[in-house]
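# Coordinate analysis (summary)
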Amino acid sequence: MTTPRAFIIRHGETEWSLNGRHTGTTELPLTQNGEKRIRATGRALVGDDRLIVPSKLAHIYVSPRSRARRTLELLDIGCRDKLPWHDKHTPCDVRTEAKVQVTEDIREWDYGDYEGLTSVQITEQREKAGEKVWDIWRDGCPGGESPADVTNRLDRLIKDIRARFHDEAIGKPKGEAPVSDVLLVAHGHILRAFAMRWIGRELTEGVSLLLEAGGVGTMSYEHRSLHEPAILLGGAFMVDVVENTA
């Protein structure tokens, strides 16, 4: 029976992510090490016998920021269609029919006045102003987005994923279900917030989740029920291959 999944991948390392500077709207390239690690992630986790099986992807959502788009390129998913930001298709080994959608709904949190600052710098600023210790999940960002702003766009995205790709497939025999897995390539804060909203948790409750640069996570469902969304901590993603070989 089919249980659809939503894979989340944070973009590779940049100079600012390496230094702990909040990067929302600023465009930064991946570091050389960042590109190297994303290529390694693609080799390790993308393939017919890997966690992310390209032929099972129905759709790919990507942030408009160049660091996220570059990360998708380096993962080598093997899309038949040209990527939306390219003028022409780059020849590749086609492995998926999934369409790539660039969407503002999965762009990074707008940090507003805190863009480019580290958490230490923000704390110092607030202490001088006599303000309480900053918690982005509770306070949001002055001049940027609040938790409610982020929640609204993530809920819209999650509703789209479930209505377009997961609802029709969940609980059906594998041979009868349409391709239904989706992939999201984006950023640290927004993907942690996505995980919280996936399971119906309020951002203001606090988010005790970590996602390193280049990190991968999996969202799914319990009991093959669309009404029981869950975070998949680990899965035996090579079982089918082993059984088929046997």
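Everything below is about the structure shown above.
Quick caveat, the model's predicted, so the values are computed rather than measured.

### Looking at the environment of E97
- By the element assignment, E97 lies in the loop between α3 (66-75) and β3 (99-102).
- Sequence separation between E97 and E127 is 30 residues, and the spatial gap between their C-alpha atoms is 52 Å.
- A distance of 2.8 Å separates a polar atom in the side chain of E97 from a polar atom in the side chain of R80.

### Some thoughts on the packing of aromatic side chains
- Here the structure, examined in full by the defined rule, presents 4 aromatic pairs.
- Relative to W134, the ring of Y114 has its centre 5.1 Å away and its plane inclined at 75°; by these criteria the two rings are edge-to-face. Residue Y114 is found in the loop between β3 and α4 (119-128), and its partner W134 is found in the loop between α4 and α5 (136-139); the two are separated by 20 residues along the sequence.
- What makes Y114 buried here is its relative accessible area of 3%.
- Look at W134 and you get buried, because its relative accessible area is 14%.
- Measuring from ring centre to ring centre gives 5.7 Å for F194 and W198, while their planes differ by 35°; the resulting arrangement is tilted. Taken as a pair, F194 and W198 lie in helix α7 (residues 188-198) at a separation of 4 residues, close to a single helical turn. Per residue, the accessibility class of F194 equals that of W198, and both read buried.
- Three or more aromatic residues joined by ring pairs make a cluster, and in this case those are F194, W198 and Y221.
- Geometry around W198 places R162 over its ring, the cationic atom sitting 4.2 Å from the centre.

### Brief notes about the environment of F165
- Secondary-structure assignment places F165 in helix α6 (residues 147-166).
- Linking F165 and T14, residues 151 residues apart in sequence, is a C-alpha distance of 32 Å.
- When near neighbours in sequence (up to four residues on either side) are disregarded, F165 contacts A58, H59, Y61, D160, S180 and V182.

Thresholds applied
Residues numbered from 1 in each chain as written. Predicted model: local features only at pLDDT ≥ 70, side-chain atom pairs only at ≥ 80, totals over all residues. Heavy atoms only, no water. Helix = DSSP H or I, 4+ residues; strand = E, 2+ residues; numbered from the N terminus. Polar contact = N/O pair within 3.5 Å; in protein donor to acceptor, adjacent residues only side chain to side chain. Phe/Tyr/Trp six-rings, centres within 6.5 Å; stacked < 30°, edge-to-face > 60°. Buried < 20%, exposed > 50% of the residue type's maximum accessible area, 1.4 Å probe, protein only. Lys NZ or Arg CZ within 6 Å of the ring centre and 35° of its normal. Contact = heavy atoms within 4.5 Å.

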